Amino acid sequence: MIIKKKTNMIKFLKNLFSSRKVYKVDEVFTASASLKNYIKRETLEGKLNQFINNTGKQVIVYGQSGGGKTTLIEHVKNEKKIKILESLCLKTTTIDKLILDAFDQLDVYFDSESADSETKKAYDKFKSDFKVIGGEGGQENSSTRSVKSRRVTDIQLTAQRLSTFLGKAGFIWLIDDFHKLNESEKEEFSQMLKVFSTQSKNYPSLKIICVGAERSAREVVNYDKEMNDRVSELHVPLLDNKEIKQIIKNGFGLLNADLDDETINLITKFSNNLATVAHNLCNQLCYDLNLLETSKTKLHLENIDFDTTIKGYIRSKEDNYRKSLDKGISQKREVKYNNGLIILIALIELGPGQHTYAEIFSKIKTKEPEYPAGNLTLYLKSLCSQERDEILVF
């Protein structure tokens, strides 16, 4: 009898501890920031934490699109319980629109008329003339008491006022895709960095984090020299092959599956060190295999028809690829050489991977002996620009 009880207990404990959390495939492999399948980047996390804790210093996070900048920040935010207010830049975004967006999210109002101060419970923690409604509560109105409020945007919005509100609320302002702003707007924004740095004496945690897909911090925010000691720059490089493979293995592990090495290597190759591409390819593969959530039993996936996955992935982005190609090879006027097309053909013939200027030029010369070196210099830079959809990375 005792033996039987022990046997039942062992089975119970085995079932208890072997129970596996169920994940949906779109939680594990996703084009957005995936914290379920996050790969630790301890050096970058440590630096970002340091920069966030440095009072008065603003932060610029930069690196190629798809390298994990947003995911890194999201991880640190959740791990350290940091309050962040996020704004997203578009090509049409201006500094005024950014400030307005921040006020929209804070739900800030200015109390212009009040019949009864008791109806303003949401204003308790603010002693200035500016009031915030939202977050911990809202403004209460009754039939016997009335408060007329006009939005802060009805009065002049300034960086000074915004920094005060953010400071009082304990928020860090995160501005993503900052590289999309026009240069004239960036110059104006550099002045706003000074305001936030100065205001840090009143609000030590006050800070702006600018995120941009550029090769240098100066390309994201062209700040003044006097701000050199008030701005911290964090470069987030692309993931290496080992890290890409870790994303793949961890993700399939969460789905209770082992993927064969050959397929892992193919996904790593085609991802080209871009985390977002690796996630998308794995997502497509899971749908092809009908692996839509964590399997109840351990799966061993091998002999995969990866060509089907690649074709499915390309079909899902076919229109975007055509659009990018059109931008890459389009010409504003008729010239002797279609430079974009010539360069792209040379790169295709050179094969996957990274190639030097000399290698590209040598390959072009085999078909176009008279091709000028100046054209290659000019158009390689052009193909790396937003105007050409950043087809190449230099």
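Now for a look at the structure at hand. Small disclaimer: the values here were computed from a predicted structure and weren't measured.

**Describing the overall build of the protein chain**
And step 1. Check the secondary structure of the protein chain and you find 16 helices and 10 strands.
And step 2. With 394 residues in all, the protein chain has 42% of them scored as buried.
And step 3. Look at the contacts in the protein chain between residues 6 or more apart in sequence, and 74% of them connect residues 24 or more apart.
And step 4. A total accessible area of about 22500 Å² is found for the protein chain, and carbon and sulfur atoms account for 50% of it.

**Focus: empty space enclosed by the protein**
And step 1. Per the stated rule, a full pass over the model turns up one cavity of 30 Å³ or more.
And step 2. One number sums up the size of the largest cavity: a volume of about 40 Å³.
And step 3. Around the largest cavity, the lining residues are Thr-70, Ile-73, Glu-74, Glu-86, Leu-174, Asp-176 and Val-211.
And step 4. Among the secondary structure elements, those contributing two or more residues to the lining of the largest cavity are helix 4 (69-80) and strand 6 (172-176).
And step 5. No other element matches helix 4, which puts three residues into the lining of the largest cavity.
And step 6. Here the lining of the largest cavity is built from residues that sort into three nonpolar, one polar and three charged.

**What about the sheet that holds strand 8 (residues 231-235)?**
And step 1. Ordered by their spatial adjacency, five strands build an open sheet running 2-6-7-1-8, and the pairing between neighbours is parallel. Taken across any chain shown, the strands that pair with only one partner, and hence form the sheet edges, are strand 2 (84-88) and strand 8. Averaged over all pairs of adjacent strands, the angle between their axes in this sheet comes to 20°, without regard to strand direction.
And step 2. Judged from the five bridges that link them, strand 1 (residues 58-62) and strand 8 form a sheet pairing that is parallel.

**Some points on the pattern of salt bridges**
Once the charged atoms of two side chains with opposite charge are near each other, the side chains can pair.
And step 1. Scanning the model with the defined rule gives 12 salt bridges in all.
And step 2. For Lys-186, the salt bridge goes to Glu-183, with nearest N and O atoms at 3.5 Å. With Lys-186 and Glu-183 both in helix 7 (residues 183-199) and three residues apart, this pair spans about one turn of that helix.
And step 3. According to the relative accessible area criterion, Lys-186 is buried, its value standing at 2%.
And step 4. What makes Glu-183 partly exposed here is its relative accessible area of 46%.

**Digging into the side chain of Asp-176**
And step 1. Following the sequence through the fold, Asp-176 ends up in strand 6.
And step 2. Lacking a salt bridge, the buried Asp-176 has Lys-69 as its closest oppositely charged neighbour, with an N-O distance of 6.7 Å.
And step 3. Discounting chain neighbours no more than four positions away, the residues touching Asp-176 are Thr-70, Ser-87, Leu-88, Cys-89 and Val-211.

**Re the environment of Tyr-321**
And step 1. Within the secondary structure, Tyr-321 is located in helix 13 (residues 318-329).
And step 2. In the structure, Tyr-321 is positioned 70 residues away from Ile-391 in sequence and 9.7 Å away in space, judged by C-alpha atoms.
And step 3. Leave out the neighbours within four places in its chain, and Tyr-321 touches Tyr-313 and Ile-314.

Cut-offs applied
Residues numbered from 1 in each chain as written. Predicted model: local features only at pLDDT ≥ 70, side-chain atom pairs only at ≥ 80, totals over all residues. Heavy atoms only, no water. Helix = DSSP H or I, 4+ residues; strand = E, 2+ residues; numbered from the N terminus. Buried < 20%, exposed > 50% of the residue type's maximum accessible area, 1.4 Å probe, protein only. Contact = heavy atoms within 4.5 Å. Areas by Shrake-Rupley, 256 points an atom, 1.4 Å probe, with all protein chains shown as cover. 1 Å grid on protein atoms, 1.4 Å probe; cavity = no way out; pocket = protein on both sides within 12 Å on 5 of 7 lines; lining within 4 Å. Points joined across faces, edges and corners; volume = space filled by probe spheres on them. Nonpolar A, V, L, I, M, F, W, Y, C, P; charged D, E, K, R; others polar. Pairing = 2+ DSSP bridges. Axes fitted to C-alpha atoms, helices over the stretch in contact; angles between N-to-C directions. Salt bridge = Lys/Arg side-chain N within 4 Å of Asp/Glu carboxyl O. Lys, Arg positive; Asp, Glu negative; His and termini not counted.

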